[in-house]
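# Survey of secondary and tertiary structure
Here are the chains, one letter per residue:
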Amino acid sequence: MAEQRAEELHQEDTASNRNITFSFGNDNVQDVGSVTPDVHSEAESAEPNFSTATTTDAQHENLSETMDPTSTSGTAERHISIQQSLADLKNLIDIEGAGKKTCPLCPEEKFKPNYSHKLRRHLQHLHWKVSIDFEGYRMCICHLACRRMKTNLNGEQVPVRIGAHYHCIVCSATIARRTDMISHITRHLNKGDTEASFTGASSGQLSSTEVMKEVDTDVHVFPNHTTPQKTDSFFNPKMKPNRQLIFCTLAVLAQERKPLECLDAFGATGIMGLQWAKHLGDAVRVTINDINEGSVKMIGENCHLNRMKVVMNRKEEEEDEDEVEENDDTLGTIEVTQMDANVLMHLRAFDFIHLDPFGTAINYFDATFRNVRNLGIVSVTSTDISTLYCKALNVTMRHYGCNIVRTEYYKEVAARMVIASMARAAARCNKGIEVLLAVALEHFVLVVVRVLRGPSQADESLKKIRRLIHCQWCEERVFYKKCHMLEESAYQQLPCDCHGSMPGKTAVELGPLWSGSLFNTGFLRRMLFEAVQHGIEDIHPLLKNLTCESECTTLKHHSIFGPMSHSSQEKRKGSELPGNAAKRQKGDIPSEHPPFYYSIHRHSIRGMNIPKINKFLPYLTQAGFRVGRTHFDPTGIRTDATLAQLKAILMKYSMPTHTDSLPGIHSHASVEPISEPVQDSTPKPLEIDQPAEEVKPESG
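Just so you know, these numbers come straight off a predicted model, no measurement behind them. (Residues numbered from 1 in each chain as written. Predicted model: local features only at pLDDT ≥ 70, side-chain atom pairs only at ≥ 80, totals over all residues. Heavy atoms only, no water.)

## A word on the overall build of the protein chain
Looking only at helices and strands, the protein chain has 23 helices and 25 strands in total. Each of the 700 residues in the protein chain was classed as buried or not, and the buried ones make up 49%. Long-range contacts, defined as pairs at least 24 residues apart, comprise 67% of the intrachain contacts of the protein chain with a sequence gap of at least 6. Accessible area for the protein chain stands at about 34,900 Å²; split by element, carbon and sulfur atoms hold 50% of it. (Helix = DSSP H or I, 4+ residues; strand = E, 2+ residues; numbered from the N terminus. Buried < 20%, exposed > 50% of the residue type's maximum accessible area, 1.4 Å probe, protein only. Contact = heavy atoms within 4.5 Å. Areas by Shrake-Rupley, 256 points an atom, 1.4 Å probe, with all protein chains shown as cover.)

So, in structure tokens, the structure goes:
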């Protein structure tokens, strides 16, 4: 009787092993049979059953290797916990057969062999009810020992003890909690990994992408292309003005010398480099770089989509140029590299470099100015808006070494802060800079500078980095004078008298900031000409406003295509520069404009209706001041008048909100008849013969 009982127990263990072997991929369904089988038949099959158990352990090890997310095979076999329907899950075993059955997703100590009606409820309420849906498949909860071995303190490989877990259908990762698995699948969706790993489709990653078109350039993007943290191919449609400004900048440089070695250090989808190569042709030799492997693959696909030849090494292309003929269908050649941007810029020299990292670009300035060629151009797009726009002052000090506060002209402060950091980085390489363009919009700050080689140029650039005195009461501002000697009181440099009339300290020191010009009028005119030549109409209004802002004039009294612009274009078209030498145009001289601007709404007078900004500008012009609009602030006015003079003119041409006197209106508002400027068709000039100290600012 003891021997018979021992063989019955051995039969139950063997039946359990046979079911586990099936659950990991066997196609033939074998019935366990009766609980009390024939002793002789079981004894005859005892030896094969030990072999079956050994095969089961081997399949456990193979399954762990197959489910490794870092596996180099690229494909994974579908785990049995991933099924399309509840019927498929029940079909893993012969649930309608007689006798007790084991659960295919639970070990025997978790769920002992039971009859079909209990097993059916077990599969439905335990495994299927808490499953996770993904593209028509259900990832059911699994209780098997599926995780790999781990090393203990003694260096021995021991199995990982784990309870319930899920198997990812995409990367075959093993995750315990259901909420974590949902987050894991969501990250796959955000990255565009919507193909299941067991399909074995290596090139099916782009099946869920969509094609975006910009300036006759098509690119593949993932559905979440606007979220840089969750996708490798970041593409922001709101950055279109930024890409158009950079393209016009490169088009102007391409007219000075050719061919140009151009670098897009952070390619993402590669749309910017594709636009350069597609529209400028042989005048540029484009290199698109990205450190992310997924982005590099996406760049290659986008190059083929735009009929561009992809070269991974420029030297290999030059060696094989005589042997291999280029395809007639290709429009050009683009070099695609995968390395750190600092390493690439240290290894090679470029004529044009564009930096557009996610966040600050301060970590790449030293490598950028190290090998950039003389009279080359460096464009930097900074998207760390919270740092630049005074929302994280500690990070601003850590990255840029500047002390700033929130002011009405904070966007221009951000642009001058980036330029100051670029000037210091260039000076460390014995190079100076000439600012061609500075744009600060809602989503980015773009700075374009020309590199001037030589220690003297570096010294001249550093002289333009100064600190700023800012009054916190009236927001008047002025740069420190060019002097190394200490002054008794820095408040004397401010045009306002807030320090004498207000208690305590009223001003704060900001910077160091760039105190030079932010625009080059001649270069902006040529950028507008190139935009017209290439049919980029969306950027015309912005370029016109920037040109007017550089000269501090209004658009009505400004000629975009002046005589200087036409003559420079004719010279550029009629003659070639000898030896492709880079020479700046004579019109590309930085025009000095008043630093910073005043917001007309910020300094409006209480109880008074101020005139519209376009009607108010002629009043300042007739008073003898330079005046113009600014792109930094739609309500801003760039002028060389002081704040007191501005408010005096604003006070004269403002009207009270009501005709009768109100408590909010000061008595001086009705000293002079306010209706005279409104009745006259032409505004009368304001006579300002008194010094600025005698013009008192209005309170409130």
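Having seen the model, we can carry on.
## A few points about the sheet that holds strand 21 (residues 598–599)
Judged by pairing direction, the sheet is antiparallel, and its three strands sit side by side in the order 21-24-23 without closing on themselves. The sheet is open, and its two edges are formed by strand 21 and strand 23 (627–629), each paired on a single side. For strand 23 and strand 24 (residues 636–639), the ladder comprises three bridges, and the chain directions are antiparallel. Considered in strand 24, the bridge of R629 is made with I637. (Pairing = 2+ DSSP bridges.)

## Remarks on the pairing of strand 20 (residues 507–514)
Within strand 20, six of the eight residues are buried, which leaves the element mostly enclosed by the surrounding structure. Note that strand 18 (residues 465–471) and strand 20 share six bridges and pair antiparallel. Note on strand 20: the bridge partner recorded for I465 is W514.

## Some remarks on the packing of helix 21 (residues 613–622) against helix 22 (residues 643–652)
At a minimum axis distance of 11 Å, the contact between helix 21 and helix 22 shows a crossing angle of 120°. Classified by the angle their axes make, helix 21 and helix 22 are oblique. Here the hand of the crossing between helix 21 and helix 22 comes out right-handed. Every residue of helix 22 that contacts helix 21 at F616, Y619 and L620 is listed here: L646, I649 and L650. The residue makeup of the contact of helix 21 with helix 22, split by class, is six nonpolar, no polar and no charged. (Axes fitted to C-alpha atoms, helices over the stretch in contact; angles between N-to-C directions. Parallel < 35°, antiparallel > 145°, perpendicular 65-115°, else oblique. Left-handed = near helix turned anticlockwise from the far one by under 90°. Nonpolar A, V, L, I, M, F, W, Y, C, P; charged D, E, K, R; others polar.)

## Structural notes on the environment of K213
Of note, K213 is situated in strand 8 (residues 210–214). Considering only alpha carbons, one finds K213 and I271, 58 residues apart in sequence, at a separation of 9.4 Å.

## Side note on the pattern of salt bridges
Taken as a whole and assessed by the stated rule, the structure comprises 19 salt bridges. A salt bridge links R373 to D351, with the shortest nitrogen-to-oxygen separation between them at 3.0 Å. With R373 in strand 15 (residues 372–382) and D351 in strand 14 (residues 350–355), the pair connects residues that are 22 residues apart, well separated along the chain. R373 gets classed as partly exposed once you look at its relative accessible area, which sits at 31%. By relative accessible area, which is 4% here, D351 ends up buried. Residue E509 pairs with R467 through a salt bridge whose shortest N-O separation is 3.8 Å. (Salt bridge = Lys/Arg side-chain N within 4 Å of Asp/Glu carboxyl O.)

## Some thoughts on the confidence of the model for the protein chain
Mean pLDDT over the protein chain stands at 77; residues scoring 70 or higher make up 69%. Predicted confidence is poor over residues 322–327, with pLDDT under 50, and the contacts of this stretch with residues over four places away or in other chains come to three contacts. (pLDDT = per-residue confidence, 0-100.)

## Topic: the nonpolar core
Across soluble globular proteins, you tend to see nonpolar side chains buried next to one another. Residues W276, F365, F369, M422, L437 and M527 are the most contacted members of the largest nonpolar core, which totals 106 residues. Looking at which element gives the most residues to this core, the answer is helix 15 (residues 410–428), with twelve residues. Sequence-distant contacts of M527, defined by excluding residues within four places in its chain, comprise L245, C248, T249, V252, L437 and L543. Counting residues in each nonpolar core, the second largest holds 22 residues, with C474, L617, A623 and I649 among its members. (Core = buried A, V, L, I, M, F, W, Y, C linked by side-chain atoms within 4.5 Å.)

## Remarks on unusual backbone geometry
Note the cis peptide between K258 and P259, where omega equals -5°. Mapped onto the elements of the fold, P259 is located in the loop between helix 7 (240–256) and strand 10 (260–264). In this structure, the amide linkage connecting G511 to the following residue, P512, adopts the cis form with an omega of 10°. One non-glycine residue with positive phi stands out, namely E135, at about 55°. On the secondary structure map, E135 appears in the loop between strand 2 (132–134) and strand 3 (137–139). Positive phi, close to 60°, is recorded for A268, a residue that is not glycine. Mapped onto the secondary structure, A268 falls in the loop between strand 10 and helix 8 (271–280). Accessibility expressed as a relative area gives 14% for A268, which makes it buried.

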